[in-house]
Each structure stands twice: as structure tokens, then as C-alpha cells.
Amino acid sequence: MFWKIVGGLIVAWVAFMVLGSVLGFLFKAVLWIAIIGGVVFLGTAAYGAITGKKDHKRINRY
């Protein structure tokens, strides 16, 4: 009975270690994708603001 409990604890510990490493990797990957996406978004927004059209078409509202 003692070895079943110890074996169960070892299996649970290994499962948590594997799950933690997978979730940690996914969190880091999503974090880097978000950082790269934010930089690209800010870059395109700045480029659009700098090189935007000078003659803005306005909508006449009555």
C-alpha cells in the first residue's frame, strides 16, 4: 500500500512537471507573438501617420 501511494505521488509529480513545462513554453510563445504583433502594429500605425494623405475627404453633414 505504501508503494502505491509513493508511485501515485511520483506519477502526479511527473505529470505536473510535464504540464508545467508545456504551459510555460506556450505562455512564452504567446508572449513573444504578442510583443512582435504589438511592435508591427505600432510600426504600421506610425508609418501610416507619417505618410498619410494630406487632402482628407470630408463628409458634409447637414
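Before reading further, recall that the structure is shown in the block above.
Note that the structure is a prediction, hence the values are computed from the model and not measured.

Novice: Is there a simple way to explain the packing of aromatic side chains in this structure?
Specialist: How two aromatic rings sit relative to each other is given by the distance of their centres and the angle of their planes. This structure, assessed with the given rule, holds one aromatic pair. Judged by centre distance (5.3 Å) and plane angle (70 degrees), the ring pair of F2 and W3 falls under edge-to-face. Note on W3: relative accessible area 68%, which makes it exposed.

Novice: Could you clarify how one ought to interpret a nonpolar patch on the surface in this entry?
Specialist: Residues I10, W13, V14, F16, M17, V18, L19, V22, L23, F25 and L26 make up a contiguous nonpolar surface patch of about 1100 Å² in total accessible area. Relative to the helices and strands, F25 resides in helix 1 (residues 2–50).

About the criteria used
- Residues numbered from 1 in each chain as written.
- Predicted model: local features only at pLDDT ≥ 70, side-chain atom pairs only at ≥ 80, totals over all residues.
- Heavy atoms only, no water.
- Phe/Tyr/Trp six-rings, centres within 6.5 Å; stacked < 30°, edge-to-face > 60°.
- Buried < 20%, exposed > 50% of the residue type's maximum accessible area, 1.4 Å probe, protein only.
- Patch = residues over 30% accessible without salt bridge, like charges linked within 9 Å, V, L, I, M, F, W, Y side chains within 5 Å.
- Areas by Shrake-Rupley, 256 points an atom, 1.4 Å probe, with all protein chains shown as cover.
- Salt bridge = Lys/Arg side-chain N within 4 Å of Asp/Glu carboxyl O.
- Helix = DSSP H or I, 4+ residues; strand = E, 2+ residues; numbered from the N terminus.

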